[in-house]
Each structure stands twice: as C-alpha cells, then as structure tokens.
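# Working through the structure, step by step
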Amino acid sequence: MALELTAVGEVLFLVGRVLFGAVLAFTGLNHFADTESMVGYADAKGVPAAGLMVPFTGGMLLVGGLLVALGLYPLLGAGALATFLLVATPKMHDFWNVDDPQQQQNEMNSFLKNAAMFGTAIVLLALSTRAWPYAISL
C-alpha cells in the first residue's frame, strides 16, 4: 500500500526524509573523521567498549541515514536510526547528571534535539511498510 499524498506532499516527504537522513549520515561520518575525540567522550560517559561502539554507531548512522534519504530498505534504515537515538540519547546527553549549568544546558539541548529526531525516526519506521514516493528500489 502506498502513502496517499498529494504531489506537493510527495515532494515534501522526499525533502524531509532526505534532510533527515543526510544530516544523520553526516553525523555518522563524523564518527569516523573524529574517532579519537568521540571515543574519549563516549568513554567519559561510561559507554562500554567505546573504541568499538563509536565506529559501530557511526555505521548505523551513516547507513541508516543513507537508506532513509534514498527510500531504500526504509524499515532497516529507520529502524537503525530509531535504535541508535533510543539508546544513545539518554546515555550521551544525561543532562540530569551534570552539575555545571552551561554544560547542563548544552546536554539538555542535545537531548531534546535527539528526542525530536527519535520522534521522526519512529514516524518513518511506522511508514516503512508502505511505498515511499521517489524511493529507490532494487
């Protein structure tokens, strides 16, 4: 069953998913471009095996973001992004455990941004069983 959208709705859905997927794919690339500092941050947050988890989650973001942007295997792409955001958000942006007011505000902003992206990911996950307009199919 296809999504029932107007022609404008189809274009808006395409633009929205490309922006969402591309931003998260770019974030995934940063896991590889700045691995050392990201591992240090993840280690400081208590992530087990941070040296393995940073590239693993970078791959989740990169592949998931590209799949969503392209509309290719949307269940896999949206599922990877939703899983990452569900697990990483409270672990990495635990503003409730931060004493410094400025750092607490920064962590809360990051937490709220990730929560909004998680909401988008689960909406896309809910729509993943339907045909997406302008999607690449194999």
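Residues numbered from 1 in each chain as written. Predicted model: local features only at pLDDT ≥ 70, side-chain atom pairs only at ≥ 80, totals over all residues. Heavy atoms only, no water.

## Here's the deal with the packing of aromatic side chains
Definition in use: Each pair of aromatic rings taken from Phe, Tyr and Trp, with Trp reduced to its six-membered ring, is defined by centres within 6.5 Å and is described as stacked if the planes are under 30 degrees apart, edge-to-face if over 60, and tilted in the remaining cases. Each helix corresponds to a stretch of at least 4 residues labelled H or I by DSSP, and each strand to a stretch of at least 2 residues labelled E; elements are numbered beginning at the N terminus. Accessibility here uses a 1.4 Å probe with only protein chains present; expressed as a share of the type maximum, an area under 20% marks a residue as buried, one over 50% as exposed, and anything in between as partly exposed.
Taken as a whole and assessed by the stated rule, the structure comprises four aromatic pairs. Ring centres of Phe13 and Trp132 lie 5.3 Å apart, and the angle between their planes is 80°; this geometry places the pair in the edge-to-face category. Of this pair, Phe13 sits in helix H1 (residues 7-33) while Trp132 sits in the segment after helix H5 (101-126), and the two are 119 residues apart along the sequence. Take Phe13 and Trp132: they sit in the same class, and that class is buried. Between Phe95 and Phe111, the ring centres sit 5.4 Å apart and the planes meet at 70°, which makes this aromatic pair edge-to-face. With a gap of 16 residues between them, Phe95 in the loop between helix H4 (74-92) and H5 and Phe111 in helix H5 connect regions that are remote in the sequence.

## A few points about the packing of H1 against helix H3 (residues 50-70)
Put simply, the rule reads: Lines fitted to C-alpha atoms define the axes here, with helix axes fitted over just the stretch in contact, and angles between the N-to-C directions of these axes take values from 0 to 180 degrees. Here roughly perpendicular refers to angles of 65 to 115 degrees, roughly parallel to angles under 35, roughly antiparallel to angles over 145, and oblique to all remaining angles. Throughout, a crossing is termed right-handed when the near helix is turned clockwise from the far one, and left-handed when it is turned anticlockwise from it by less than a right angle. Residues are treated as being in contact if the distance between any of their heavy atoms lies within 4.5 Å. Classification used: nonpolar for Ala, Val, Leu, Ile, Met, Phe, Trp, Tyr, Cys and Pro, charged for Asp, Glu, Lys and Arg, polar for all others including Gly.
In contact at an axis separation of 7 Å, H1 and H3 are set at 160° when each is read in the N-to-C sense. By the angle between their directions, the pair H1 and H3 is classed as roughly antiparallel. Handedness of the crossing formed by H1 with H3: left-handed. In this structure, H1 contributes Arg17, Val18, Phe20, Gly21, Ala22, Leu24, Ala25, Thr27, Gly28, Leu29, His31 and Phe32 to the contact, and H3 contributes Val54, Pro55, Thr57, Gly58, Gly59, Leu61, Leu62, Gly65, Leu66, Val68, Ala69 and Leu70. In terms of residue class, the contact of H1 with H3 is built from 15 nonpolar, eight polar and one charged.

## Let's talk about unusual backbone geometry
Even without being a glycine, Tyr73 presents a positive backbone phi close to 45°. Relative to the assigned elements, Tyr73 resides in the loop between H3 and H4. Residue Tyr134 is not a glycine yet carries a positive backbone phi of 60°.

## Points about the layout of surface pockets
Inclusion rule: Using a 1 Å grid laid over the protein atoms alone, points where a 1.4 Å probe fits but cannot get out form a cavity; open sets with protein on both sides within 12 Å along at least 5 of 7 lines form a pocket; any residue with an atom within 4 Å of a point counts as lining. Grid points are joined across faces, edges and corners, and a volume is the space filled by probe spheres set on the points.
Within this model, the largest pocket holds a volume of roughly 630 Å³. Taken together, 26 residues make up the lining of the largest pocket; nearest its centre are His31, Thr57, Phe84, Ala88 and Met92. For the lining of the largest pocket, the elements supplying multiple residues, two or more each, are H1, helix H2 (35-44), H3, H4 and H5. For the lining of the largest pocket, the element with the highest residue contribution is H4, accounting for seven residues. Looking at the lining of the largest pocket residue by residue, the class counts come to 17 nonpolar, seven polar and two charged.

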